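As a plain string of letters, each chain reads:
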Amino acid sequence: MENGSILKLNNIEVMYQEVILVLKGVSLDVGRGGIVALLGANGAGKSTTLKAISGLLKHEDGEVTDGSIEFMGGRIDRKSAEEIAKVGILQVIEGRRVFEHLTVEENLTVGAHLNRTAAGLKPGLEMVYHYFPRLKQIRHTVSGFCSGGEQQMLVMGRALMARPKLMLLDEPSMGLAPLLIKEIFEIITRLNREEHLPILLVEQNVKLALAVAGYGYVLESGRVVMDGPADKLRDNPDIKEFYLGLTDLGTRKTFRNIKHYKRRKRWLT
Ligand SMILES: Nc1ncnc2c1ncn2[C@@H]1O[C@H](COP(=O)(O)OP(=O)(O)O)[C@@H](O)[C@H]1O
Ligand SMILES: [Mg+2]
């Protein structure tokens, strides 16, 4: 991915409150136009990685204490979240924070304020409504009353209004019904293909993530323990075992067994 790289993390270390070391040397690459999956168990450091890139870390008393982050050739790890948004990186944080008292369309309008090119509100709304026709239907609804799926579409749409050059997407499927998840992932794929939007995707749903991504990284306790093309990762026995819950026989193991096994067998040790 060297040539087409748009984002590069070089061995970054992240600390919270000057003492809690969470990322212990993470390197990763996002290519132009690709979807890259960042996988790993709860607490592995996935959200922290996204926040290090977007600069949101600084709002949580976190800091990149070593290594560097480059976006389109320029260093961004010292920049503020606002500056990073202006160069074109938008993070859709987990948990779907909409402005609850505003309507769907008002939420989208707020997103347009980060628009670097000032390309105008209307074309932005048209583009968002093109990918999310549901949002158009409910554009006058107060967003606090929208369903979880609609709110997920809304936070993604709001980020799109800023015309990002790279989208960081944190757990879009969390807590949604399977049909909705399918719909949202289809939209993610279309945004990537049709808008040529590179996406760094954090997902607990490993199967889905590896179905849409071209490349993936597995994070464990703040370190990348495995990376490779998505199809290779899908076939990897450890991924199958720990993340897809499949044994060699293709049968499902109980979560408890997996946890137990996981404790015994550490990766790459
Ligand atoms: N603001 C914070 N202050 C201190 N520790 C944090 C903070 N945010 C996250 N952590 C810790 O960093 C580790 C990684 O968290 P996170 O990046 O949210 O993991 P993931 O997204 O993979 O579930 C966890 O142990 C978590 O408790
Ligand atoms: Mg997280």
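Values in this document were obtained by computation on a predicted structure and should not be read as measured data.

A. Expanded view of the overall build of the protein chain. Along the backbone of the protein chain there are 11 helices and 10 strands. Per-residue burial over the protein chain gives 50% buried out of 269 residues. Partitioning the intrachain contacts of the protein chain with sequence separation of at least 6 by distance along the chain shows that 69% fall at a separation of at least 24. In the structure as shown, the protein chain presents an accessible area of about 13300 Å², 51% of it carried by carbon and sulfur atoms.

B. Quick look at the sheet that holds strand S1 (residues 5-16). Strand order across the open sheet formed by four strands is S2-S1-S4-S5, with antiparallel pairing between neighbours. Strands at the two margins of the open sheet, each flanked by one partner only, are strand S2 (20-31) and strand S5 (74-75). Pairing between S1 and strand S4 (residues 62-71): eight bridges, direction antiparallel. Within S4, the residue paired with Tyr16 across the bridge is Gly62.

C. Representation of the confidence of the model for the protein chain within the structure. On average, residues of the protein chain carry a pLDDT of 89, and 87% of them reach 70 or more. Across residues 263-269, where pLDDT falls below 50, the model places 13 contacts with residues more than four positions away in sequence or in other chains.

D. Layout of the nonpolar core. In terms of nonpolar packing, the biggest core is built from 53 residues, with Phe132, Leu135 and Ile239 touching the most fellow members. Counting residues in hydrophobic clusters, the runner-up holds 30 residues, among them Leu9, Leu38, Phe71 and Ile76.

Scoring rules and cut-offs
Residues numbered from 1 in each chain as written. Chains lettered and ligands numbered in written order. Predicted model: local features only at pLDDT ≥ 70, side-chain atom pairs only at ≥ 80, totals over all residues. Heavy atoms only, no water. Helix = DSSP H or I, 4+ residues; strand = E, 2+ residues; numbered from the N terminus. Buried < 20%, exposed > 50% of the residue type's maximum accessible area, 1.4 Å probe, protein only. Contact = heavy atoms within 4.5 Å. Areas by Shrake-Rupley, 256 points an atom, 1.4 Å probe, with all protein chains shown as cover. Pairing = 2+ DSSP bridges. pLDDT = per-residue confidence, 0-100. Core = buried A, V, L, I, M, F, W, Y, C linked by side-chain atoms within 4.5 Å.

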